[in-house]
Amino acid sequence: MATIAIAGAGLAGRLCAWALARAGHRVDVFEAAPEPAPSFDARGAAAFSAAGMLSPLAEQEQGGSEIAALGWRSLALWPRIVAALPRPVPLCADGSLLLAHRADLGAAQRALMRMPGAEPLSTDELATLEPMLAPGLRGWHLPREGLIAPVPAMAALHAGAEGARWHWARAVDQVLPGEIHFADGGRWSGDWALDTRGLGARPPLPLRGVRGEIVTLSLAGHGLRRPVRLLHPRHRVYLVPRSDSELVVGASEIESEDRSPVSLRSAVELMAAAQSVLPALSEARIVRLDRHLRPALPDNLPFLHHEPGLLRLNGLYRHGWLLAPALVERLLGDAGLAALTDLEMSS
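Residues numbered from 1 in each chain as written. Predicted model: local features only at pLDDT ≥ 70, side-chain atom pairs only at ≥ 80, totals over all residues. Heavy atoms only, no water.

Visitor: Is there a simple way to think about the side chain of Arg211 in this case?
Guide: Considering the arrangement of structural elements, one finds Arg211 in strand β14 (residues 208-218). Within the local environment of Arg211, its side chain forms a polar contact with the side chain of Glu213, the two groups lying 2.8 Å apart. Here Pro261 takes part through its backbone oxygen, which lies 3.0 Å from a polar atom of the side chain of Arg211. (Helix = DSSP H or I, 4+ residues; strand = E, 2+ residues; numbered from the N terminus. Polar contact = N/O pair within 3.5 Å; in protein donor to acceptor, adjacent residues only side chain to side chain.)

What follows is the structure, given as C-alpha coordinates:
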(Lines give C-alpha, C1' and ligand atoms only; values in the text may rest on other atoms or scores of the structure.)
Protein backbone atom coordinates (compact mmCIF):
# COMPACT_ATOMS: atom_id res chain seq x y z
CA MET A 1 0.00 0.00 0.00
CA ALA A 2 1.10 3.56 -0.68
CA THR A 3 1.86 6.47 1.63
CA ILE A 4 -0.28 9.37 0.47
CA ALA A 5 -0.69 12.98 1.58
CA ILE A 6 -3.69 15.12 0.68
CA ALA A 7 -3.44 18.91 0.75
CA GLY A 8 -6.89 20.30 1.49
CA ALA A 9 -9.83 18.95 3.50
CA GLY A 10 -12.72 20.32 1.46
CA LEU A 11 -15.18 18.03 -0.30
CA ALA A 12 -12.69 16.64 -2.83
CA GLY A 13 -10.04 16.14 -0.16
CA ARG A 14 -12.44 14.32 2.16
CA LEU A 15 -13.77 12.09 -0.60
CA CYS A 16 -10.21 11.18 -1.59
CA ALA A 17 -9.24 10.50 2.03
CA TRP A 18 -12.31 8.30 2.52
CA ALA A 19 -11.69 6.24 -0.62
CA LEU A 20 -7.94 5.90 -0.13
CA ALA A 21 -8.16 4.96 3.57
CA ARG A 22 -10.76 2.29 2.76
CA ALA A 23 -8.42 0.93 0.10
CA GLY A 24 -5.80 0.39 2.81
CA HIS A 25 -3.40 3.20 2.00
CA ARG A 26 -1.65 5.22 4.67
CA VAL A 27 -3.25 8.65 4.36
CA ASP A 28 -2.36 12.02 5.89
CA VAL A 29 -4.55 15.08 5.27
CA PHE A 30 -3.16 18.59 5.78
CA GLU A 31 -5.55 21.53 6.05
CA ALA A 32 -5.09 25.22 6.90
CA ALA A 33 -8.44 25.43 8.73
CA PRO A 34 -8.18 24.98 12.50
CA GLU A 35 -10.77 22.17 12.80
CA PRO A 36 -13.08 19.95 10.76
CA ALA A 37 -16.23 21.82 11.82
CA PRO A 38 -18.09 24.06 9.35
CA SER A 39 -16.82 27.53 8.55
CA PHE A 40 -19.15 30.02 6.86
CA ASP A 41 -16.84 33.04 6.72
CA ALA A 42 -15.57 32.59 3.12
CA ARG A 43 -12.23 31.27 4.37
CA GLY A 44 -13.21 27.65 4.97
CA ALA A 45 -14.24 25.04 2.44
CA ALA A 46 -16.81 26.33 -0.05
CA ALA A 47 -18.60 22.97 0.27
CA PHE A 48 -19.99 23.94 3.68
CA SER A 49 -21.89 26.92 2.27
CA ALA A 50 -23.23 25.18 -0.84
CA ALA A 51 -26.85 24.19 -1.41
CA GLY A 52 -25.92 20.59 -2.29
CA MET A 53 -28.07 20.47 -5.44
CA LEU A 54 -27.35 17.54 -7.75
CA SER A 55 -28.72 19.01 -10.96
CA PRO A 56 -27.06 17.77 -14.17
CA LEU A 57 -29.93 18.89 -16.40
CA ALA A 58 -30.14 22.39 -14.95
CA GLU A 59 -26.38 22.88 -14.93
CA GLN A 60 -26.13 21.78 -18.56
CA GLU A 61 -27.50 25.19 -19.55
CA GLN A 62 -24.22 26.88 -18.63
CA GLY A 63 -21.82 23.98 -18.07
CA GLY A 64 -22.53 22.00 -21.23
CA SER A 65 -22.70 18.27 -21.91
CA GLU A 66 -19.41 17.42 -20.16
CA ILE A 67 -20.67 18.78 -16.85
CA ALA A 68 -23.98 16.98 -17.32
CA ALA A 69 -22.30 13.62 -18.01
CA LEU A 70 -20.10 13.91 -14.92
CA GLY A 71 -23.14 14.95 -12.90
CA TRP A 72 -25.15 11.88 -13.91
CA ARG A 73 -22.23 9.67 -12.93
CA SER A 74 -22.03 11.36 -9.53
CA LEU A 75 -25.78 10.90 -9.06
CA ALA A 76 -25.23 7.17 -9.52
CA LEU A 77 -22.35 7.16 -7.04
CA TRP A 78 -23.77 9.30 -4.22
CA PRO A 79 -26.38 6.81 -2.89
CA ARG A 80 -23.77 4.07 -2.62
CA ILE A 81 -21.22 6.37 -0.98
CA VAL A 82 -23.79 7.60 1.54
CA ALA A 83 -24.80 4.01 2.34
CA ALA A 84 -21.17 3.24 3.21
CA LEU A 85 -20.69 6.20 5.58
CA PRO A 86 -20.89 5.76 9.37
CA ARG A 87 -23.34 8.64 9.89
CA PRO A 88 -26.69 9.36 8.22
CA VAL A 89 -26.61 11.88 5.37
CA PRO A 90 -29.87 13.25 3.94
CA LEU A 91 -29.99 12.47 0.23
CA CYS A 92 -32.89 12.40 -2.21
CA ALA A 93 -33.40 12.15 -5.97
CA ASP A 94 -37.04 13.11 -6.46
CA GLY A 95 -36.33 15.57 -9.25
CA SER A 96 -36.32 19.35 -9.21
CA LEU A 97 -38.41 22.10 -10.79
CA LEU A 98 -37.71 25.04 -13.04
CA LEU A 99 -40.07 27.99 -12.62
CA ALA A 100 -40.71 31.21 -14.52
CA HIS A 101 -43.07 34.12 -14.15
CA ARG A 102 -45.18 34.63 -17.25
CA ALA A 103 -43.45 37.94 -18.01
CA ASP A 104 -40.12 36.09 -18.22
CA LEU A 105 -41.17 33.25 -20.52
CA GLY A 106 -38.95 34.46 -23.36
CA ALA A 107 -35.80 34.25 -21.23
CA ALA A 108 -36.98 30.93 -19.81
CA GLN A 109 -37.52 29.39 -23.23
CA ARG A 110 -34.02 30.40 -24.34
CA ALA A 111 -32.55 28.70 -21.28
CA LEU A 112 -34.70 25.59 -21.77
CA MET A 113 -33.30 25.11 -25.28
CA ARG A 114 -30.03 24.13 -23.58
CA MET A 115 -31.74 21.74 -21.14
CA PRO A 116 -33.08 18.78 -23.12
CA GLY A 117 -35.13 16.57 -20.86
CA ALA A 118 -37.02 19.30 -19.00
CA GLU A 119 -40.69 18.26 -18.92
CA PRO A 120 -43.32 21.03 -19.16
CA LEU A 121 -45.99 20.96 -16.47
CA SER A 122 -49.58 22.10 -16.64
CA THR A 123 -50.89 24.45 -13.99
CA ASP A 124 -52.60 21.57 -12.22
CA GLU A 125 -49.54 19.31 -12.41
CA LEU A 126 -47.34 22.03 -10.92
CA ALA A 127 -49.85 22.66 -8.11
CA THR A 128 -49.98 18.95 -7.34
CA LEU A 129 -46.18 18.66 -7.11
CA GLU A 130 -45.70 21.88 -5.10
CA PRO A 131 -48.99 23.24 -3.72
CA MET A 132 -47.30 26.08 -1.80
CA LEU A 133 -45.95 27.82 -4.90
CA ALA A 134 -47.42 31.13 -6.04
CA PRO A 135 -50.25 30.85 -8.60
CA GLY A 136 -49.58 31.81 -12.20
CA LEU A 137 -46.08 30.35 -12.48
CA ARG A 138 -44.96 28.23 -15.39
CA GLY A 139 -43.09 25.08 -14.43
CA TRP A 140 -40.91 22.30 -15.82
CA HIS A 141 -39.93 19.07 -14.11
CA LEU A 142 -36.32 17.84 -14.19
CA PRO A 143 -36.60 14.12 -13.38
CA ARG A 144 -33.96 12.21 -11.38
CA GLU A 145 -32.18 15.32 -10.12
CA GLY A 146 -31.27 15.24 -6.47
CA LEU A 147 -30.13 16.93 -3.31
CA ILE A 148 -27.58 16.15 -0.59
CA ALA A 149 -27.09 17.86 2.79
CA PRO A 150 -23.55 19.35 2.69
CA VAL A 151 -22.73 19.75 6.40
CA PRO A 152 -23.74 16.21 7.46
CA ALA A 153 -22.00 14.79 4.38
CA MET A 154 -18.73 16.59 5.17
CA ALA A 155 -18.86 15.34 8.76
CA ALA A 156 -19.63 11.78 7.68
CA LEU A 157 -16.78 11.68 5.15
CA HIS A 158 -14.38 12.87 7.85
CA ALA A 159 -15.63 10.28 10.33
CA GLY A 160 -15.69 7.53 7.70
CA ALA A 161 -12.04 7.88 6.66
CA GLU A 162 -10.92 5.48 9.37
CA GLY A 163 -7.16 5.26 9.65
CA ALA A 164 -6.52 8.58 7.93
CA ARG A 165 -4.59 11.11 9.99
CA TRP A 166 -5.90 14.67 9.89
CA HIS A 167 -3.56 17.61 10.51
CA TRP A 168 -5.53 20.81 11.13
CA ALA A 169 -4.05 24.32 11.12
CA ARG A 170 -1.27 23.05 8.85
CA ALA A 171 -1.06 25.32 5.85
CA VAL A 172 0.52 23.88 2.69
CA ASP A 173 2.82 26.06 0.62
CA GLN A 174 3.67 23.76 -2.28
CA VAL A 175 2.67 20.32 -3.60
CA LEU A 176 5.21 18.40 -5.71
CA PRO A 177 5.54 14.78 -6.85
CA GLY A 178 5.83 12.77 -3.64
CA GLU A 179 6.39 15.91 -1.55
CA ILE A 180 4.46 18.54 0.36
CA HIS A 181 6.13 21.70 1.65
CA PHE A 182 4.44 23.57 4.49
CA ALA A 183 4.18 27.27 5.20
CA ASP A 184 6.11 26.77 8.44
CA GLY A 185 9.10 25.31 6.58
CA GLY A 186 8.30 21.66 7.27
CA ARG A 187 8.14 18.94 4.66
CA TRP A 188 6.38 15.62 4.01
CA SER A 189 7.62 12.97 1.59
CA GLY A 190 6.06 9.72 0.45
CA ASP A 191 4.66 7.92 -2.56
CA TRP A 192 1.89 10.27 -3.68
CA ALA A 193 0.86 13.88 -3.03
CA LEU A 194 -2.69 15.04 -3.86
CA ASP A 195 -3.52 18.72 -4.21
CA THR A 196 -7.21 19.54 -3.60
CA ARG A 197 -6.74 22.99 -2.00
CA GLY A 198 -9.09 25.04 -4.18
CA LEU A 199 -7.85 28.62 -4.30
CA GLY A 200 -4.89 27.66 -2.12
CA ALA A 201 -3.39 25.87 -5.14
CA ARG A 202 -2.40 29.08 -6.93
CA PRO A 203 0.17 29.42 -8.24
CA PRO A 204 0.79 27.36 -10.37
CA LEU A 205 -2.92 26.99 -11.32
CA PRO A 206 -4.57 30.12 -12.81
CA LEU A 207 -7.52 30.01 -10.40
CA ARG A 208 -9.90 32.81 -9.55
CA GLY A 209 -12.49 33.06 -6.81
CA VAL A 210 -16.13 33.58 -7.80
CA ARG A 211 -18.15 34.94 -4.90
CA GLY A 212 -21.38 33.18 -4.00
CA GLU A 213 -23.93 34.11 -1.35
CA ILE A 214 -26.63 31.99 0.24
CA VAL A 215 -29.40 32.70 2.76
CA THR A 216 -30.60 30.17 5.34
CA LEU A 217 -34.21 30.69 6.41
CA SER A 218 -36.39 29.19 9.12
CA LEU A 219 -40.11 28.70 8.49
CA ALA A 220 -42.07 25.88 10.11
CA GLY A 221 -44.34 24.13 7.64
CA HIS A 222 -42.99 25.94 4.57
CA GLY A 223 -44.33 23.07 2.45
CA LEU A 224 -41.63 23.00 -0.23
CA ARG A 225 -40.89 19.38 -1.17
CA ARG A 226 -38.07 19.57 -3.70
CA PRO A 227 -35.49 22.07 -5.01
CA VAL A 228 -36.81 24.75 -7.36
CA ARG A 229 -35.00 27.22 -9.61
CA LEU A 230 -36.43 30.48 -10.87
CA LEU A 231 -35.55 31.28 -14.48
CA HIS A 232 -35.16 35.03 -14.66
CA PRO A 233 -33.41 37.39 -17.11
CA ARG A 234 -30.85 38.37 -14.45
CA HIS A 235 -31.00 35.66 -11.78
CA ARG A 236 -30.89 31.90 -11.41
CA VAL A 237 -32.31 31.84 -7.89
CA TYR A 238 -32.91 28.50 -6.22
CA LEU A 239 -34.83 27.43 -3.12
CA VAL A 240 -33.78 24.21 -1.42
CA PRO A 241 -35.67 22.56 1.46
CA ARG A 242 -33.31 21.36 4.19
CA SER A 243 -36.07 20.13 6.49
CA ASP A 244 -39.73 20.84 7.21
CA SER A 245 -38.68 24.07 8.88
CA GLU A 246 -35.49 25.20 7.10
CA LEU A 247 -34.70 26.31 3.56
CA VAL A 248 -31.76 27.85 1.78
CA VAL A 249 -31.95 30.50 -0.94
CA GLY A 250 -29.10 31.22 -3.29
CA ALA A 251 -26.96 32.05 -4.95
CA SER A 252 -25.41 35.15 -6.31
CA GLU A 253 -22.54 34.73 -8.74
CA ILE A 254 -20.15 37.66 -8.57
CA GLU A 255 -16.77 37.88 -10.30
CA SER A 256 -15.05 39.10 -7.18
CA GLU A 257 -12.84 37.74 -4.41
CA ASP A 258 -14.37 40.05 -1.85
CA ARG A 259 -14.71 38.09 1.40
CA SER A 260 -16.77 40.70 3.26
CA PRO A 261 -20.28 39.92 4.58
CA VAL A 262 -23.30 39.70 2.28
CA SER A 263 -24.45 43.06 0.93
CA LEU A 264 -27.93 44.48 1.44
CA ARG A 265 -28.52 44.48 -2.32
CA SER A 266 -27.66 40.79 -2.75
CA ALA A 267 -29.72 39.73 0.25
CA VAL A 268 -32.77 41.72 -0.86
CA GLU A 269 -32.60 40.49 -4.47
CA LEU A 270 -32.24 36.84 -3.48
CA MET A 271 -35.00 36.90 -0.88
CA ALA A 272 -37.40 38.97 -2.98
CA ALA A 273 -37.02 36.57 -5.92
CA ALA A 274 -37.55 33.59 -3.62
CA GLN A 275 -40.61 35.11 -1.97
CA SER A 276 -42.12 35.80 -5.40
CA VAL A 277 -42.40 32.05 -6.01
CA LEU A 278 -43.06 30.91 -2.42
CA PRO A 279 -45.25 33.59 -0.80
CA ALA A 280 -45.10 31.98 2.65
CA LEU A 281 -41.47 33.13 2.91
CA SER A 282 -42.73 36.57 3.93
CA GLU A 283 -42.94 35.15 7.46
CA ALA A 284 -39.61 33.32 7.38
CA ARG A 285 -36.80 34.22 9.76
CA ILE A 286 -33.23 34.77 8.56
CA VAL A 287 -30.94 32.26 10.25
CA ARG A 288 -27.68 33.04 8.47
CA LEU A 289 -26.21 34.91 5.52
CA ASP A 290 -23.26 32.96 4.14
CA ARG A 291 -20.70 33.81 1.51
CA HIS A 292 -17.92 31.82 -0.04
CA LEU A 293 -15.49 31.84 -2.96
CA ARG A 294 -15.80 29.12 -5.57
CA PRO A 295 -12.47 28.08 -7.16
CA ALA A 296 -12.74 28.43 -10.94
CA LEU A 297 -10.37 28.16 -13.89
CA PRO A 298 -10.61 30.37 -17.01
CA ASP A 299 -12.86 27.86 -18.83
CA ASN A 300 -14.98 27.19 -15.70
CA LEU A 301 -14.35 23.45 -16.13
CA PRO A 302 -12.81 21.08 -13.56
CA PHE A 303 -9.11 20.28 -13.71
CA LEU A 304 -7.59 16.82 -13.24
CA HIS A 305 -3.84 16.19 -13.39
CA HIS A 306 -1.97 12.90 -13.05
CA GLU A 307 1.76 12.30 -13.16
CA PRO A 308 3.94 9.88 -11.16
CA GLY A 309 3.71 10.83 -7.51
CA LEU A 310 1.36 13.78 -8.02
CA LEU A 311 -2.41 14.23 -8.47
CA ARG A 312 -4.35 17.48 -8.68
CA LEU A 313 -8.11 18.09 -8.58
CA ASN A 314 -9.42 21.63 -8.73
CA GLY A 315 -11.67 24.15 -10.44
CA LEU A 316 -15.00 22.66 -9.35
CA TYR A 317 -16.51 26.16 -9.55
CA ARG A 318 -20.27 25.99 -8.79
CA HIS A 319 -20.46 22.23 -9.32
CA GLY A 320 -18.63 20.77 -6.33
CA TRP A 321 -21.33 18.46 -4.94
CA LEU A 322 -22.51 17.59 -8.43
CA LEU A 323 -19.10 16.57 -9.80
CA ALA A 324 -16.85 15.48 -6.93
CA PRO A 325 -17.61 11.73 -6.83
CA ALA A 326 -17.19 11.29 -10.59
CA LEU A 327 -13.96 13.29 -10.62
CA VAL A 328 -12.48 11.47 -7.62
CA GLU A 329 -13.42 8.14 -9.19
CA ARG A 330 -11.63 9.08 -12.41
CA LEU A 331 -8.54 10.56 -10.75
CA LEU A 332 -7.90 7.74 -8.27
CA GLY A 333 -8.80 5.09 -10.83
CA ASP A 334 -6.40 6.48 -13.43
CA ALA A 335 -3.62 6.42 -10.83
CA GLY A 336 -4.48 2.85 -9.80
CA LEU A 337 -4.91 3.89 -6.17
CA ALA A 338 -8.57 3.14 -5.50
CA ALA A 339 -11.64 1.96 -7.41
CA LEU A 340 -14.34 4.14 -5.93
CA THR A 341 -17.21 2.02 -7.28
CA ASP A 342 -15.84 -1.20 -5.82
CA LEU A 343 -15.27 0.44 -2.45
CA GLU A 344 -18.73 1.82 -1.94
CA MET A 345 -20.46 -1.27 -3.30
CA SER A 346 -18.49 -3.60 -1.07
CA SER A 347 -19.72 -2.13 2.22
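Visitor: Looking at this structure, I do not really get the layout of surface pockets. What am I missing?
Guide: In this approach a probe as big as a water molecule rolls over the atoms, and the regions it shows empty are the leftover space. Roughly 190 Å³ of volume is contained in the second largest pocket. If you go around the second largest pocket, you meet 16 residues; those closest to its centre are Phe48, Val151, Arg242, Glu246 and Arg288. Taken together, the elements giving at least two residues each to the lining of the second largest pocket come down to α5 (150-160), β14, β17 (246-250) and β18 (285-296). Here the lining of the second largest pocket is built from residues that sort into ten nonpolar, two polar and four charged. (1 Å grid on protein atoms, 1.4 Å probe; cavity = no way out; pocket = protein on both sides within 12 Å on 5 of 7 lines; lining within 4 Å. Points joined across faces, edges and corners; volume = space filled by probe spheres on them. Nonpolar A, V, L, I, M, F, W, Y, C, P; charged D, E, K, R; others polar.)

Visitor: So what exactly am I meant to see when it comes to the sheet that holds strand β2 (residues 26-30) here?
Guide: The strands making up a sheet associate through hydrogen bonds between their backbones, and the pairing can be parallel or antiparallel. Taking strand neighbours across the sheet as the criterion, the six strands line up as β9-β2-β1-β13-β20-β19 in an open arrangement whose pairing is mixed. Two strands in the sheet have a free side with no partner beyond their single neighbour: β9 (165-167) and β19 (303-307). Shown here is a sheet whose adjacent strand axes are inclined to one another by a mean of 15°, direction ignored. Where β19 meets strand β20 (residues 310-314), five bridges bridge the pair, whose relative direction is antiparallel. Residue pairing for β20: Phe303 is matched across the bridge by Asn314. Along the sheet, helix α7 (residues 320-334) contacts β13 (192-195), β19 and β20; its crossing angle with β20, the most-contacted strand, is approximately 170°. (Pairing = 2+ DSSP bridges. Axes fitted to C-alpha atoms, helices over the stretch in contact; angles between N-to-C directions. Contact = heavy atoms within 4.5 Å.)

Visitor: Which parts of the structure should I look at to understand the nonpolar core?
Guide: Most often, soluble globular proteins keep nonpolar side chains buried together rather than apart. If you look at the biggest cluster of nonpolar residues, it comprises 55 residues, and the most contacted ones within it are Leu20 and Trp321. Those elements that place two or more of their residues in this core are β1 (3-7), α1 (11-22), β2, α2 (56-84), α5, β13, β20 and α7. Setting aside anything within four residues of it in sequence, one finds Leu20 in contact with Ile4, Ile6, His25, Val27, Leu194, Leu332, Leu337 and Ala338. Residues Leu97, Leu137, Ala273 and Ala284 belong to the second largest nonpolar core, which totals 24 residues. (Core = buried A, V, L, I, M, F, W, Y, C linked by side-chain atoms within 4.5 Å. Buried < 20%, exposed > 50% of the residue type's maximum accessible area, 1.4 Å probe, protein only.)

Visitor: Got a minute to help me understand the sheet that holds strand β12 (residues 187-189) in this structure?
Guide: The sheet built from three strands is open, its strands ordered β10-β11-β12 with antiparallel pairing. What marks the edges here is a single partner per strand, and that holds for β10 (172-176) and β12. Strand-to-strand twist in this sheet, taken as the mean axis angle between neighbours without regard to direction, amounts to 15°.

Visitor: Any chance you could explain the packing of α1 against α2 here in plain terms?
Guide: The angle between the axes and the distance between the axes are what describe a pair of packed helices. Two elements in contact, α1 and α2, have axes whose closest approach is 13 Å; the angle formed by their N-to-C orientations is 65°. Considering the relative orientation of α1 and α2, their crossing is left-handed. On α2, the residues that touch Leu11, Leu15, Trp18 and Arg22 of α1 are Trp78, Ile81 and Ala84. When its residues are assigned to classes, the contact of α1 with α2 shows six nonpolar, no polar and one charged. (Left-handed = near helix turned anticlockwise from the far one by under 90°.)

Visitor: Help me understand the pattern of salt bridges in this model?
Guide: Where side chains of opposite charge bring their charged atoms close, a pairing between them can arise. Taken as a whole, this structure holds 15 salt bridges when the rule is applied. The residue Glu59 makes a salt bridge to Arg318 at a minimum N-O spacing of 3.1 Å. Pair noted here: Glu59 is in helix α2 and Arg318 is in the loop between β20 and α7, with a separation of 259 residues, a long-range link. The class for Glu59 is buried, based on a relative accessible area of 7%. On the basis of relative accessibility, which here comes to 22%, the residue Arg318 falls in the partly exposed class. (Salt bridge = Lys/Arg side-chain N within 4 Å of Asp/Glu carboxyl O.)

Visitor: Honestly, unusual backbone geometry in this entry has me stumped. Any pointers?
Guide: Backbone geometry follows two general trends: most residues other than glycine have a negative phi, and most peptide bonds adopt the trans configuration. In the segment running from Arg202 into Pro203, the intervening peptide bond is cis, with an omega of -25°. Along the chain, Pro203 falls in the loop between β13 and β14. In this chain, Pro203 is followed by Pro204 through a cis amide linkage whose omega measures 15°. Among the secondary structure elements, Pro204 is positioned in the loop between β13 and β14. Look at Arg144: it is not a glycine, yet its phi comes out positive at around 75°.

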